[in-house]
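Each chain, letter by letter, is given below.
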Amino acid sequence: MTIQNNGNLKIAIQKKGRLTEKSLELFNLCGLRVENYGDRLVVATPGFPADILFLRDDDIPEYVQDGVADLGVIGENVLVEKEAQVVELENLGFGGCQLMMAYPEYMDIQLPQELNGKRIATSYPRIVKKYLQDNNIQAKVIEISGSVEIAPALGIADVICDIVSTGNTLMVNKLKKGQVIFKSQAVLIASPELEKDLRKTEILNDFLRRIRSVQAARSSKYLMLNLPKTAVDRTIGLIPALRSPTIVPLADDEMVAIHAVIPSDYIWEIVDKLKREGASGILLLPIENMIP
Ligand code: PRP
Ligand code: ZN
């Protein structure tokens, strides 16, 4: 594959699959607009010196290793399976899934040892073989590159080991969940060659800063509420996550408005405490970006 070298950062993402939409959503929040990509292989991002490459996810580690793409967004599952020489830069916090054994509904397998003698269809032969070895299981691994879930029905395998996210694929194919052998999420990887290119390294650093500000924003919410003046000191003391809030006077001089950035994880706990202190008009807003 030849891609024109125009000095732009080349970022590879999955062409069509679980990670495509989420990757583009992250890029958009980072100010990299990708529009009307349709069936195109390469798309420029207006206003940012990057080109997005749409590739089969299985091919991304190798393309990044060889420097055809400078960066890639890929599931750790594919990354580990392909054993490519790339630099892992950042966990992206989406695309969570599990690589797990799955059995036809009629099969009764409780313990890993019961896989002895079975034929296991998978797209992840390396990870599966390592699991079998580590657990001293003698089973036959059958490598299939796609639609692994139909292998038992076709009679070419007894069980499968595949990626499960929502569980829909298993359900539709009348398969039930077994042992989880690997947990994965989307990661950003870089070519080992990238650091030699100063200009691209600069673009990468800008991109990373943007990603981190989006990640920080995702884990926070903007809280606005009204509170009786008399409750302000006590309330702020009660809720450590309510660090240095902005306190705004209101027309009703018994009341003030409070604005603060709070961690998403504590929202309901904080809101309940605030209500008990007499808070009203509570609004929680998403934050798009948090620039350090
Ligand atoms: C995995 C797996 C299933 C699907 C499971 O494919 O092979 O097809 O996801 O998801 P579900 O539990 O939500 O139904 P993946 O997206 O990794 O893509 P690929 O195997 O086609 O590359
Ligand atoms: Zn794939």
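Bear in mind that the values here come from a model prediction, so they are computed numbers and not experimental data.

Parameters at a glance
Residues numbered from 1 in each chain as written. Chains lettered and ligands numbered in written order. Predicted model: local features only at pLDDT ≥ 70, side-chain atom pairs only at ≥ 80, totals over all residues. Heavy atoms only, no water. Donors = N, O, S within 2.8 Å, 3.2 Å for Na, K, Ca; no water. Buried < 20%, exposed > 50% of the residue type's maximum accessible area, 1.4 Å probe, protein only. Phe/Tyr/Trp six-rings, centres within 6.5 Å; stacked < 30°, edge-to-face > 60°. Helix = DSSP H or I, 4+ residues; strand = E, 2+ residues; numbered from the N terminus. Core = buried A, V, L, I, M, F, W, Y, C linked by side-chain atoms within 4.5 Å. Domains from an automatic or database assignment. Contact = heavy atoms within 4.5 Å.

Caption draft 1: Here's a closer look at the coordination of the zinc ion (ligand 2). Around the zinc ion (ligand 2), the protein contributes the donor atoms Asp57 (OD) and Asp58 (OD), at 2.1 to 2.2 Å from the metal centre. Classification of Asp57 by relative accessible area gives buried; the value is 17%.

Caption draft 2: Main features of the packing of aromatic side chains. Counted under the stated rule, the structure contains two aromatic pairs. Ring geometry for Phe48 against Phe207: centres 6.3 Å apart, planes inclined by 50 degrees, an arrangement best described as tilted. Here Phe48 is found in the loop between β2 (42-44) and β3 (50-55), whereas its partner Phe207 is found in helix α7 (residues 198-218), with 159 residues between them in sequence. For Phe48, a relative accessible area of 5% gives the class buried. Note on Phe207: relative accessible area 0%, which makes it buried. Through a chain of ring-to-ring contacts, the aromatic side chains of Phe27, Phe48 and Phe207 assemble into a single cluster.

Caption draft 3: The arrangement of the nonpolar core in detail. Leu99, Met101, Val128, Ile181 and Ile189 are the most contacted members of the largest nonpolar core, which has 33 residues in total. Domain assignment of the residues forming this core places at least three in each of domain 1 (9-94 + 186-217) and domain 2 (97-183). Among all residues touching Ile189, those that are not within four sequence positions of it are Ile60, Pro61, Val64, Asp70, Leu71, Gly72, Ile74, Leu79, Val86, Val87, Glu88 and Leu89. Counting 29 residues, the second-largest nonpolar core is a separate cluster that includes Leu24, Val73, Leu204 and Phe207.

Caption draft 4: Structural context of the domain arrangement of the chain. Looking at the chain, the domain boundaries give domain 1 (9-94 + 186-217), domain 2 (97-183) and domain 3 (220-286). Here the C-alpha centre of domain 3 lies 50 Å away from the C-alpha centre of domain 2.

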